Number of protein chains: 2
Amino acid sequence: MSPERAFDSKAVTVSEPGAANELTICGPDEELLRGLQKRGVNCEVVLWDGRSEPPAGLEAARVLIAGYADKTFAPSGLVRLPRLEVIQLISAGYDEWLPALPEGVVLANGRGVHGASTAELAVAGVLALVRGLPFYLSEQAAHRWSPQHRGEIAGRNVLMIGSGDIGTRIAQALEVFGAPVTLVGRKARAGVAGIESLPELLPQAEIVVLALPHTPQTDQLVDRHFLSALPDGAIVANVARGRIIDTAALVSHLRAGRISAFLDVTDPEPLPPEHPLWAMPNVIITPHVGGGTERWRERAVALIADQLERFIDHRPLINVVAPGSGD
Amino acid sequence: MSPERAFDSKAVTVSEPGAANELTICGPDEELLRGLQKRGVNCEVVLWDGRSEPPAGLEAARVLIAGYADKTFAPSGLVRLPRLEVIQLISAGYDEWLPALPEGVVLANGRGVHGASTAELAVAGVLALVRGLPFYLSEQAAHRWSPQHRGEIAGRNVLMIGSGDIGTRIAQALEVFGAPVTLVGRKARAGVAGIESLPELLPQAEIVVLALPHTPQTDQLVDRHFLSALPDGAIVANVARGRIIDTAALVSHLRAGRISAFLDVTDPEPLPPEHPLWAMPNVIITPHVGGGTERWRERAVALIADQLERFIDHRPLINVVAPGSGD
């Protein structure tokens with residue numbers, strides 16, 4: 001395991017020798033492919049990141065495994081994949097792929113790979129803000145025992161915006177602590193309020209958690225009108241995408257001390273050293289690590305193996321977020 | 001609301017004028033008594049902390065509301081309460097009251113007042129350790145975006161020692177994140193392992209959370225044998241009482257870097273500035289604030305009001321932890 005070494009563009013055969021491989025897949029992350037090999041997935045693999053010199057065999061690739069974090073495929077490389085049928089992401093977020101999606105290609109996301117992990121971090125961030133962990137850590141550094149009366153989750157109205165795997169887990173955890181949670185999804189359904197209900201819901205929302213896809217409809221959803229509608233002392237937590245929040249409006253509310261924020265994602269990202277968010281009062285920033293835990297790879301391999309078997313067997317794919325226009 | 005002002009020893013009548021009050025209660029916390037007054041509880045109240053000059057009317061007191069945090073009754077004052085029948089604590093822990101408990105007096109604890117709040121803090125501390133929040137907070141202070149691969153709760157074996165209100169809530173929250181949790185109680189029962197099973201359970205315990213009463217049997221339960229039995233990288237979280245852990249043994253394991261700890265309670269308490277625990281690697285210390293949130297008072301008032309109504313109506317009391325020897 002050496003995720004830091006230089007990218008080595010080459011073809012890797014993961015199938016048994018002599019097996020008839022009808023499927024060629026392409027991707028930038030050799031560890032993921034080794035994981036597939038260990039699970040016995042029967043396919044040819046071409047290692048490529050979309051940026052470096054294109055290797056031989058690339059034109060046969062029908063599925064792209066887009067990689068994650070420091071090993072991601074550059075969408076500009078898609079033009080070199082004429083037979084591509086499926087792009088499989090490891091991330092839950094997929095907005096950056098929509099403009100680049102070739103006609104007729106299916107886009108599937110990594111729902112489930114990072115869900116529990118991202119939910120954990122959201123709850124960690126909200127709890128740290130509510131219970132004053134940054135204060136106690138700085139007191140600990142000074143060897144000071146300084147108990148304070150702080151708030152708690154119990155009884156606080158939570159607005160969980162995003163009702164997928166991540167949002168549902170966050171809601172369940174906060175309900176264990178006695179918080180009434182209102183789930184909000186893009187479309188209203190049983191147990192889930194529609195996003196059009198936000199104007200009525202925001203004035204009672206003491207904690208707002210964002211775990212929804214970034215789309216043209218959710219771009220800067222949390223703008224100055226949204227933030228102004230929240231009650232004093234509200235907490236905003238974002239584990240989705242930075243651009244769902246209007247950063248300038250958030251900075252202005254943080255500066256006024258009216259609200260607190262936990263941000264695992266920011267706009268821009270990475271956040272440059274001179275950005276005012278770093279030094280705002282009442283903000284905790286983590287560097288987009290919601291899903292990037294040690295164990296994501298084994299969950300990703302399990303998802304891809306399942307998906308490739310579905311593809312080979314002509315069964316419906318899972319996690320499809322954008323069917324190609326040919327569908 | 002001025003919890004810091006000097007203690008003012010005086011009698012307060014919370015009943016309606018002219019009502020026949022058969023019951024007199026005594027306690028050090030005027031705010032709690034005002035809360036009872038607002039709820040219409042029908043009794044005479046004598047304010048006393050057990051330390052200052054005993055006020056008039058004290059000898060009539062049949063129930064003591066022992067107070068919490070900076071407003072607690074000194075057990076040495078019990079000799080001035082000849083008609084005492086019930087001591088109602090606000091805390092879940094009650095071990096310090098057992099040696100002082102007069103014959104025939106019932107001791108009831110504050111189970112439920114701090115449960116959700118303490119469970120929250122335990123989960124906050126474990127999540128902060130697992131997800132590396134202290135590291136990210138120090139990076140934030142330096143305006144640095146430094147993503148790291150860290151562990152997660154999902155899939156980690158959790159040993160939840162303590163199967164009451166607090167322990168059950170912690171278990172539920174960690175299960176939402178995909179951790180298999182084994183509940184351990186003082187006695188084995190359905191779904192709960194007995195404390196005698198610890199030798200078999202410890203070698204698989206990646207996260208150990210302590211939320212059990214401190215008694216002679218649990219004093220220094222977590223000693224060097226206990227700690228040595230844990231796997232490398234294990235986390236120990238204590239939201240119960242400091243003396244359940246052998247602090248010297250813990251310091252030695254922390255120093256070796258083999259385990260991490262979240263401690264809301266310590267031995268001694270408060271932890272003096274020169275104590276080695278403050279500067280140990282991989283430790284997060286909060287100053288016994290598990291239950292001391294802003295909203296504990298309203299839950300305490302609700303519990304006491306219920307308890308006093310039971311007492312007046314001769315119905316069984318709740319939360320009884322030590323019946324007097326006359327029972």
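Rules and cut-offs
- Residues numbered from 1 in each chain as written.
- Chains lettered and ligands numbered in written order.
- Predicted model: local features only at pLDDT ≥ 70, side-chain atom pairs only at ≥ 80, totals over all residues.
- Heavy atoms only, no water.
- Phe/Tyr/Trp six-rings, centres within 6.5 Å; stacked < 30°, edge-to-face > 60°.
- Buried < 20%, exposed > 50% of the residue type's maximum accessible area, 1.4 Å probe, protein only.
- Helix = DSSP H or I, 4+ residues; strand = E, 2+ residues; numbered from the N terminus.
- Polar contact = N/O pair within 3.5 Å; in protein donor to acceptor, adjacent residues only side chain to side chain.
- Pairing = 2+ DSSP bridges.
- Right-handed = clockwise from strand over helix to strand, strands pointing away.
- Contact = heavy atoms within 4.5 Å.
- Axes fitted to C-alpha atoms, helices over the stretch in contact; angles between N-to-C directions.
- Salt bridge = Lys/Arg side-chain N within 4 Å of Asp/Glu carboxyl O.
- Least-squares fit on C-alpha atoms with pLDDT ≥ 70 in both.

Caption draft 1: Geometry of the packing of aromatic side chains. Applying the stated criterion to the full structure yields 8 aromatic pairs over all chains. Plain terms: the ring middles of Phe135(A) and Tyr136(A) are 5.3 Å apart, the flat faces sit at 65° to each other, and that makes the pair edge-to-face. The partly exposed category is assigned to Phe135(A), whose relative accessible area is 24%. According to the relative accessible area criterion, Tyr136(A) is buried, its value standing at 2%. Relative to Phe73(B), the ring of Trp48(B) lies with its centre 5.6 Å away and its plane at 80°, an arrangement referred to as edge-to-face. Residue Trp48(B) is located in the loop between β3 (44–47) and β4 (63–65), and its partner Phe73(B) is located in the loop between β6 (71–72) and β7 (86–88); the two are separated by 25 residues in the primary sequence. Classification of Trp48(B) by relative accessible area gives buried; the value is 2%. We classify Phe73(B) as buried; its relative accessible area is 2%.

Caption draft 2: Inspection of the side chain of Gln307(B) at higher detail. All names here are of chain B. By secondary structure assignment, the location of Gln 307 is in helix α8 (residues 296–312). The class of Gln 307 is buried, set by a relative accessible area of 4%. In this structure the side chain of Gln 307 is engaged in a polar contact, spanning 2.8 Å, whose partner is the side chain of Gln 88.

Caption draft 3: Examining the pairing of strand β13 (residues 235–238) of chain A more closely. Residue and element names in this part refer to chain A. Where burial is concerned, the two faces of β13 agree: the one with Ile 235 and Ala 237 and the one with Val 236 and Asn 238 are both buried. Judged from the 4 bridges that link them, strand β12 (residues 207–210) and β13 form a sheet pairing that is parallel. Looking at β13, one finds that Val 209 is bridged to Ala 237. Crossover connection from β12 via helix α6 (residues 224–229) to parallel β13: handedness right-handed.

Caption draft 4: Summary view of the sheet that holds strand β10 (residues 181–185) of chain B. Residues and elements named next belong to chain B. Pairing is parallel across the open sheet formed by 7 strands, whose spatial order is β11-β10-β9-β12-β13-β14-β15. If you trace the sheet from one side to the other, it starts and ends with β11 (193–194) and β15 (283–285), each paired once. Pairing of strand β9 (residues 158–161) with β10 involves 4 bridges; the strand directions are parallel. Looking at the pairing, Leu 159 lines up with Thr 182 of β10. Docked against the sheet, helix α4 (residues 165–176) engages β9, β10 and β12 (207–210), running at close to 170° with respect to β10.

Caption draft 5: The arrangement of the pattern of salt bridges in detail. Residue and element names in this part refer to chain A. Scanning the model with the defined rule gives 26 salt bridges over all chains in all. The partner of Arg 297 in a salt bridge is Asp 29, with the nearest N and O atoms 2.8 Å apart. Within this pair, whereas Arg 297 is found in helix α8 (residues 296–312), its partner Asp 29 is found in the loop between β2 (24–27) and α1 (30–38), the two being separated by 268 residues in sequence. Residues Arg 297 and Asp 29 agree in their burial class; the two are buried. As a salt-bridge pair, Arg 169 and Asp 165 come within 3.1 Å of each other at their nearest N and O atoms. Of the two residues, Arg 169 and Asp 165 are both situated in helix α4 (residues 165–176); the distance of 4 residues between them amounts to about one turn of the helix. Look at Arg 169 and you get partly exposed, because its relative accessible area is 23%.

Caption draft 6: Region of interest: the relation of the copies chain B and chain A. Screw-axis analysis of chain B against chain A gives a translation of 0.0 Å along the axis, an RMSD of 0.2 Å, and a rotation angle of 180°. Between the two chains, the operation in question is that of a two-fold axis. Judged by C-alpha distance, Ala173(B) is the residue of chain B that lies nearest the rotation axis, at 2.5 Å. Here 100% of the interface residues in chain B have copies in chain A that are interface residues too; the copies meet face to matching face.

Caption draft 7: Spotlight on the sheet that holds strand β14 (residues 260–263) of chain A. All names here are of chain A. Read from one edge to the other, the open sheet built from 7 strands follows the order β11-β10-β9-β12-β13-β14-β15, with strand pairing classed as parallel. Edge positions in the open sheet fall to β11 (193–194) and β15 (283–285), since each of these has one partner strand only. Of the pairings in the sheet, the one linking β13 to β14 comprises 4 bridges and is parallel in character. Note on β14: the bridge partner recorded for Asn 238 is Leu 263. Helix-sheet contacts for helix α2 (residues 115–131) involve β12, β13, β14 and β15, and the interaxial angle to β14 is about 150°.

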